[in-house]
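Given next are the chains, with one letter for each unit.
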Amino acid sequence: MLSYVPGDSLAHRLDPRTKLFVQVAFVLAAFAHTTVPGLAVLTVVALGCLALAGGSVRRTLWSYRYFLPFLLAGPLLEALTWGVPWVVLGDAVDPLLASYRVLLVFLVSGAYVRSTPVRDSRAAIQRLVPGKPGRLLGVGLSLVFRFLPVLKRDLFASRDAMRARLGEERPVHERMRIVATAGLNRAFGRADRLSVALRARCFAWNPTLPDLRFSRADAPAGTVGLLLVVWALV
Amino acid sequence: MTIETTGLVYRYGAGEAEATALDGVDLALADGEFVVVAGANGSGKTTLVRQFNGLLSPDEGEVRVDGVPVSEDPVAARTRVGMVFQDPRDAFVAATVGADVAFGPENLGLSRSDIDRRVEAALDAVNMGGREDERLDALSGGEQERVAIAGALAMEPAHLVLDEPFTGLDEPARRSVLGRLRALHRDGTGVVVVTHDLRDVFPLADRVVALADGRVAVDAPPGEAVEALAALDVRVPDRVERDVTDVATATPDSDPC
Amino acid sequence: MATSTDSVELVGDEVTRNLARAALFAALMGAFAYVSFPNPLSPGIPVTLQVLGVFLAGIFLGPIWGGFAMVLYLLAGALGLPVFSGGSAGFGALVSQTGGYLVSYPFAAAVVGLGVHGVGDLADPRLVSVGRLVAAMVAGTVVIYTLGILGFWYVGDVGIVTAVVGAAVAFVPVEALKIAAAVGIVRSEAVAAR
């Protein structure tokens, strides 16, 4: 599974804001230059990003395997034609390039995920989004990161309990209802206890912001991002 | 520095379902006191302590912390009175130990160096020093309880209120939490433990306050409170003297955490 | 040590509670990605509870906080929490062929929330008629599929017919199951709405 891996690669040392910027810049460039030469350049950039984060192409793409059928579906369906000659390969070229650019974006976002701890991502959001929305997003993200494993356990427990009581014989929407109801009740019960704890710890609109500092390594990375944006616009 | 309640009345529900949880509670807790708030389930213990830092507001009466009404300055009350909730797993706000403990001081807008110092001191105080980067999810129940205590201590409170801190903990974990409470008390922090089972904290307490039907039914040093407590369905140690010596010899050097 | 308390601006009780509920809902949405059910119509493609989560966000949190919960879910996933299909994560998921579906979630939750509660204070969902619940969820489903198909059309650089065929037809019938499940959840009276 794709996730943060502690390390000391160049990508790990970059400020998360720089990495977010490069990602967005890459997407802009990829959508602006979905041509063979454009994608050739971007392939080099994407592989470079992944290498700097110490990630592997195979494992990154494997983590996106659920998305890959849709990447194939576009070119395949476009190539089909209603009537003779049934298949027109030329029609598949543009969708194929479009799918390939998404593949490259997967590699770049894989590099981000691998090299950025969630704490840094959260800090970046809280610094990038000003005021109250930034505060709500920052704390909200922190809570989502904290409670995902807890709620996953809750859901598995209620699914197992349902199975144990011969729930497999019920219709699917009934089973969905039972598992989702249990999950929802647990989640809301926890949320209500959590909100009391937040108040007890002076949950405030104007806290000390998380520490983030640009380093010298951010300058070249930021330049690459800037070049991508400029290229996307011309 | 004290927590003072005068004529505290608190009702919940409305109309037919309305019930009185607190029915005229007058109480003063001195700085540095180790107080046990006891009582059967539903006697209003949790409701009472949640007035101390303004998590609940009384329908009648008033709470003052260091002479200042809680309703006027909830931030002061919440920094002076730290609170540890019954199920600490639902009270954590971050995935890792250090980030969670830092949450309170960050809200106070302290400088980053002050925050780091407080987080370090709070984790040291619960024997969790150097474990900032560990995931809360991976900790044992007793360790989670201690991190929850550290989260409250990072506010540098004068009083630490713990709601049923021993529920669900095994014996070694209870011992380690108890050892930490004893050390905190020794260093001058007021400790308030809410519980329906006095056996763990009995030897440490300066004073036992028991609630029944929303009123203070008992307010006495533990030795004098035993019989009255038993009548209120509160579990007390079978043999008081034995437990006292147990805990006295168990701390602080042989603190098992 | 004395701490100045004047400068601390506490977040209000109501906002705190709504934030906690929205954040835990977003986490639940992520957990839903890990529980799949057999698809009675096409056994090869399992059904997850995710779209059901979009409906429930609108129903139980209302248009604003329901939408906010979905924003948190997408943001958490984009930033690396494994909450997208098959436990994947990353910004790439949002700009892929199926990204339109994901991006639609906040809007769909808001539409469902508006349909169920209208504007202003939230209603008790148990008191909302089944017709209104179903209509709100159908509207939400329309939003999801509209943005989903547009996303496939734009990102995949394909014709609109291909986008509809490739992205939508395979999935639409199971949404009916999820609507039925959502009505069941609201009617079961087992969930504390407010």
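The name an unreviewed UniProt entry gives chain C is Biotin transporter BioY, with Halobium salinum as the organism. Looking at the Subcellular location (unreviewed entry) heading of the UniProt record, one finds this comment for chain C: "Cell membrane".

Per an unreviewed UniProt entry, the recorded name for chain B is Energy-coupling factor ABC transporter ATP-binding protein, and the organism is Halobium salinum. Per its UniProt entry, chain B bears the Function (unreviewed entry) comment "Probably part of an ABC transporter complex. Responsible for energy coupling to the transport system."

Caption draft 1: Examining the UniProt feature "transmembrane region" (unreviewed entry) in chain C more closely. All names here are of chain C. Residues given the UniProt feature "transmembrane region" (unreviewed entry) here are residues 19–37, 43–65, 72–95, 101–120, 132–154 and 160–186. Helix makes up 74% of residues 19–37 and strand 11%, with an end-to-end C-alpha separation of 30 Å. Secondary structure content for residues 132–154 is 100% helix and 0% strand, and the end C-alpha separation is 33 Å.

Caption draft 2: Structural view of the sheet that holds strand β4 (residues 60–65) of chain B. Residue and element names in this part refer to chain B. An order of β2-β1-β4-β5 is seen for the 4 strands of this open sheet, with the pairing classed as antiparallel. Of all strands in the sheet, those with a lone pairing partner are β2 (19–30) and β5 (68–69), marking the two edges. Where β4 and β5 come together, 2 bridges link them in antiparallel fashion. When the bridges of β5 are listed, Arg 64 appears paired with Pro 69. Packed onto the sheet, helix α1 (residues 45–52) meets β1 (2–12), β2 and β4 and runs at close to 55° relative to β2.

Caption draft 3: Fine view of the packing of helix α3 (residues 97–107) of chain B against helix α4 (residues 112–125) of chain B. Residue and element names in this part refer to chain B. Between α3 and α4, the least distance of the axes is 9 Å, while the angle of their chain directions is 120°. On the basis of the axis angle, α3 is oblique to α4. When the axes of α3 and α4 are compared, the crossing they make is right-handed. Between α3 and α4, the residues in contact are Val 97, Gly 98, Val 101, Ala 102, Pro 105 and Glu 106 and Arg 112, Ile 115, Arg 118, Val 119, Ala 122 and Leu 123, respectively.

Caption draft 4: Inspection of the packing of helix α2 (residues 50–78) of chain C against helix α4 (residues 130–156) of chain C at higher detail. Residues and elements named next belong to chain C. Remark: α2 packs on α4, axes separated minimally by 10 Å, with the N-to-C direction vectors making an angle of 125°. Taken together, the axes of α2 and α4 lie oblique to each other. Note that α2 runs across α4; the crossing there is right-handed. Residues Val 51, Val 54, Phe 55 and Ile 59 of α2 lie in contact with α4, whose contacting residues are Leu 133, Met 137, Thr 141 and Ile 144. In terms of residue class, the contact of α2 with α4 is built from 7 nonpolar, 1 polar and no charged.

Caption draft 5: Representation of the interface of chain C and chain A. On the chain A side, the residues contacting the 79 residues of chain C number 72 residues. Of the roughly 6600 Å² buried where chain C meets chain A, counting both sides, 78% is carbon and sulfur surface. Considering only the surface of chain C that becomes buried against chain A, Leu 24, Phe 37 and Leu 79 of chain C emerge as the three largest contributors, covering 11% of it. The interface formed by chain C and chain A holds 4 salt bridges in total. As a salt-bridge pair, Arg 199 of chain A and Asp 13 of chain C come within 3.0 Å of each other at their nearest N and O atoms. Our enumeration of links across chain C and chain A arrives at 13 residue pairs in polar contact (both at pLDDT 80 or more). Among the elements of the structure, α1 (13–32), β2 (47–48), α2, α4, α5 (160–169) and α6 (172–187) of chain C are those that each provide at least two residues to the side of chain C that touches chain A.

Caption draft 6: Here's a closer look at the sheet that holds strand β6 (residues 81–84) of chain B. Residues and elements named next belong to chain B. Read from one edge to the other, the open sheet built from 6 strands follows the order β6-β7-β8-β3-β9-β10, with strand pairing classed as mixed. Edge positions in the sheet fall to β6 and β10 (215–220), since each of these pairs with one other strand and no more. Neighbour-to-neighbour, the strand axes of the sheet open up by a mean angle of 20°, direction not taken into account. Summarising the sheet, strand β3 (residues 34–38) and strand β8 (residues 190–195) pair through 5 bridges and their orientation is parallel. Note that in β8 the partner of Phe 34 across the bridge is Val 191. Against the sheet, α1 touches β3, β6, β7 (159–163), β8 and β9 (207–212), its axis set at about 150° to β8. Across the sheet, helix α5 (residues 141–153) lies against β6 and β7, angled at about 160° from β6, the strand it touches most.

Caption draft 7: Spotlight on the side chain of Lys 19 of chain A. Along the chain, Lys 19 of chain A falls in helix α2 (residues 16–32). As a buried residue without a salt bridge, Lys 19 of chain A has its nearest oppositely charged side chain in Asp 120 of chain A, at a separation of 5.7 Å.

Caption draft 8: Geometry of the interface of chain B and chain C. Between chain B and chain C, the residue contacts involve 13 residues of the former and 5 residues of the latter. Taken over both partners, the interface formed by chain B and chain C buries close to 730 Å², and the fraction arising from carbon and sulfur atoms is 60%. There are 0 salt bridges connecting chain B and chain C. Counting residues per element, the ones that place at least two in the side of chain B that touches chain C are α2 (74–80) and α4 of chain B. Residue contributions to the side of chain B that touches chain C peak at 6 residues, all from α2 of chain B. Considered class by class, the residues forming the side of chain B that touches chain C number 5 nonpolar, 2 polar and 6 charged.

Caption draft 9: Region of interest: a nonpolar patch on the surface. All names here are of chain C. Taken together, Leu 150, Trp 153, Tyr 154, Ile 160, Val 161, Val 164 and Val 165 make up a surface patch of nonpolar side chains, about 650 Å² in accessible area. Among the secondary structure elements, those contributing two or more residues to the nonpolar patch are α4 and α5. Of note, Val 164 is situated in helix α5.

Caption draft 10: Structural detail: unusual backbone geometry. Residues and elements named next belong to chain B. For Asp 66, which is not glycine, the phi torsion reads 50° and is therefore positive. Mapped onto the elements, Asp 66 comes out in the loop between β4 and β5. By relative accessible area, which is 31% here, Asp 66 ends up partly exposed.

Caption draft 11: Molecular detail of the pattern of salt bridges. Per the stated rule, a full pass over the model turns up 35 salt bridges over all chains. Asp 15 of chain A is the partner of Arg 17 of chain A in a salt bridge, and the nearest nitrogen-oxygen pair spans 2.9 Å. Grouping residues by exposure puts Arg 17 of chain A and Asp 15 of chain A together as buried. Between Asp 200 of chain B and Arg 174 of chain B there is a salt bridge, and its shortest N-O distance comes to 2.6 Å. In this pair, Asp 200 of chain B is assigned in the loop between β8 and β9 and Arg 174 of chain B in helix α6 (residues 171–186), connecting sequence segments 26 residues apart. The buried category is assigned to Asp 200 of chain B, whose relative accessible area is 13%. When salt bridges with common partners are traced through the structure, they connect Asp 154, Arg 186, Arg 190 and Arg 193 of chain A together with Asp 90 of chain B into a single cluster.

Caption draft 12: Expanded view of the pairing of β3 of chain B. Residue and element names in this part refer to chain B. With respect to burial, β3 is a largely interior element, 5 of its 5 residues being buried. Residues Phe 34, Val 36 and Ala 38 point to one face of β3 and Val 35 and Val 37 to the other, with burial holding for every one of them. Inspection of the sheet shows β3 paired to β9 by 4 bridges, in the parallel sense. Residue pairing for β9: Val 37 is matched across the bridge by Val 209.

Caption draft 13: Representation of the environment of Leu 226 of chain A in the model. All names here are of chain A. With respect to the helices and strands, the residue Leu 226 is situated in helix α10 (residues 218–233). When its relative accessible area of 51% is taken as the criterion, Leu 226 is described as exposed. In the structure, Leu 226 is positioned 184 residues away from Leu 42 in sequence and 14 Å away in space, judged by C-alpha atoms.

Procedures and definitions
Residues numbered from 1 in each chain as written. Chains lettered and ligands numbered in written order. Predicted model: local features only at pLDDT ≥ 70, side-chain atom pairs only at ≥ 80, totals over all residues. Heavy atoms only, no water. UniProt positions renumbered as here; feature names shortened; annotations may be inferred. Helix = DSSP H or I, 4+ residues; strand = E, 2+ residues; numbered from the N terminus. Pairing = 2+ DSSP bridges. Contact = heavy atoms within 4.5 Å. Axes fitted to C-alpha atoms, helices over the stretch in contact; angles between N-to-C directions. Parallel < 35°, antiparallel > 145°, perpendicular 65-115°, else oblique. Left-handed = near helix turned anticlockwise from the far one by under 90°. Nonpolar A, V, L, I, M, F, W, Y, C, P; charged D, E, K, R; others polar. Buried area = accessible area lost by both parts, 1.4 Å probe. Salt bridge = Lys/Arg side-chain N within 4 Å of Asp/Glu carboxyl O. Polar contact = N/O pair within 3.5 Å; in protein donor to acceptor, adjacent residues only side chain to side chain. Buried < 20%, exposed > 50% of the residue type's maximum accessible area, 1.4 Å probe, protein only. Lys, Arg positive; Asp, Glu negative; His and termini not counted. Patch = residues over 30% accessible without salt bridge, like charges linked within 9 Å, V, L, I, M, F, W, Y side chains within 5 Å. Areas by Shrake-Rupley, 256 points an atom, 1.4 Å probe, with all protein chains shown as cover.

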